[in-house]
Amino acid sequence: MMILFLGVSCGDAGNGNRAARDETVAEEHPRVIPEFNADSAYYFVDRQVAFGPRVPNTEAHQQAGRWLAERLGGFADTLYTQETRVRAYDGTVLQIKNIIGAFQPEARRRILLCAHWDSRPYADHDPDPEYHYTPIDGANDGASGVGVLLEIARLLQKEQPMLGVDIIFFDAEDYGNHRLSDRPDEDNWALGSQHWARNPHRPDYNARYGILLDMVGASGATFKREGYSMLYAPGVVRKVWDTARELNYGHMFINEDGGYVIDDHYYVNTIRNIPTINIIHQDESTEHGFFPEWHTMGDTMDVIDRYTLRVVGEVVTKLIYNE
Ligand SMILES: [Zn+2]
């Protein structure tokens, strides 16, 4: 994904009519919340990475896509796969696949959970220029969000919440401009979610709100209130951050404004009009604003920490089962 600017508070710009659509009311339900298993989530991350870099138009990508559809389809009530071709910033035609699992598809009250399953074709932020055109594992940038959502899918099958849930694994999020490319950068990221937002798996698709997970597995992760999330879905941000604080995870879900990140949620908000937030690791101490191994060869299983997966998984699970 691409960060636009860091550390700038969005103030109250644009909050007016968007905020009205937000879901802010949550009653207290004394309900059983199934236990999020971090080992299971870790296993789901590891299995994706084991296919090799999941770059569109490669064999590893195809194999990983088949595996993901099989796993998500095994948990969900209905599986949709959405295959299409899109054109990347450099003209390459990418064969892509969005993978969608619907739980209680007949329920009218629904929420949307999503992550991207592809990995970046270039380690263009690697400290060693030799790797600037080498694909990355994307253990954190991609696989971590999908791993957490597969574990949540497993729980949803065991214990039905009070509303319908859709889990979407978007393809081709991370095929945006190479850092050395001088082509225009507009709308080159998140190609899979742009396609889905214009052509949802059900034509009349809607959800009360959405949550995107991106880079949710590195040790020492911190999640700040991402700019577009605050612009389009401030009530959802509040609800998620409040849930984190109730679970004593306020040290990771920090009450500070982060940067604005062009990511899948941006298009779910702007094209589909579903208020959607991004839980994304932001780190002011790095030059690019993300975790230190972002878009480098170092984004491997070595950066993945079960504790971070657990924190994010427990927060989202509690939210779902309290709805
Ligand atoms: Zn990325």
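Reading the values: rules and limits
Residues numbered from 1 in each chain as written. Predicted model: local features only at pLDDT ≥ 70, side-chain atom pairs only at ≥ 80, totals over all residues. Heavy atoms only, no water. Helix = DSSP H or I, 4+ residues; strand = E, 2+ residues; numbered from the N terminus. Expected span 1.5 Å × (residues − 1). Buried < 20%, exposed > 50% of the residue type's maximum accessible area, 1.4 Å probe, protein only. Donors = N, O, S within 2.8 Å, 3.2 Å for Na, K, Ca; no water. Tetrahedral: all angles 85-135°; square planar, octahedral: opposite > 155°, others 65-115°. Pairing = 2+ DSSP bridges. Axes fitted to C-alpha atoms, helices over the stretch in contact; angles between N-to-C directions. Contact = heavy atoms within 4.5 Å. Salt bridge = Lys/Arg side-chain N within 4 Å of Asp/Glu carboxyl O.

(A) Structural view of helix α7 (residues 234-246). Here α7 contains 13 residues, and its C-alpha end-to-end distance of 18 Å stays within 8% of the 18 Å for a straight helix at 1.5 Å per residue. Taken residue by residue, α7 has Pro234, Gly235, Val236, Val237, Lys239, Val240, Trp241, Thr243 and Ala244 as its buried positions. Asn248 sits one or two residues past α7 and shows a positive phi near 65°.

(B) Local environment of unusual backbone geometry. In this structure, Ala172 is a non-glycine residue whose phi angle is positive, near 55°. Within the secondary structure, Ala172 sits in the loop between β5 (164-170) and α5 (191-198). Positive phi, close to 60°, is recorded for Asn273, a residue that is not glycine. On the basis of relative accessible area, Asn273 is assigned to the partly exposed category, the value being 38%.

(C) Up close: the coordination of the zinc ion. Listed as protein donors to the zinc ion are Asp141 (OD), Asp174 (OD), Asp174 (OD) and His295 (NE2); their distances from the metal cover 1.9 to 2.6 Å. Metal-centred angles of 55 to 151° between the 4 donor atoms at the zinc ion mark the site as irregular. Of note, the donors binding the zinc ion are all from one chain and are spaced D-x32-D-x120-H. Within this pair, whereas Asp141 is found in helix α4 (residues 139-158), its partner His295 is found in the loop between β10 (276-280) and α9 (306-322), the two being separated by 154 residues in sequence. Across the pair, His295 and Asp141 agree in class, each one buried.

(D) Structural context of the sheet that holds strand β6 (residues 209-214). The 6 strands are arranged β2-β3-β5-β4-β6-β10 in an open sheet whose pairing can be described as mixed. The two strands at the open ends of the sheet, each matched to only one other strand, are β2 (78-87) and β10. Adjacent strand axes in the sheet meet at a mean angle of 20°, parallel and antiparallel pairs treated alike. Running over the sheet, α7 touches β6 and β10 and is turned about 40° from β10. Of the strands in this sheet, β4 (110-116), β5, β6 and β10 are in contact with α9, which crosses β6 at around 170°.

(E) Molecular detail of the pattern of salt bridges. Under the counting rule described, the total for this entry stands at 12 salt bridges. For Glu151, the salt bridge identified is with Arg154, shortest N-O distance 2.8 Å. Pair noted here: Glu151 and Arg154 are both in helix α4, with a separation of 3 residues, about one helical turn. In this structure Glu151 comes out as buried when scored by relative accessible area, which is 0%. With a shortest N-O distance of 3.0 Å, Lys318 and Glu246 are connected by a salt bridge. Within this pair, whereas Lys318 is found in helix α9, its partner Glu246 is found in helix α7, the two being separated by 72 residues in sequence. Note on Lys318: relative accessible area 17%, which makes it buried. One salt-bridge network, in which partners are shared between bridges, spans Lys224, Glu256 and Glu284.

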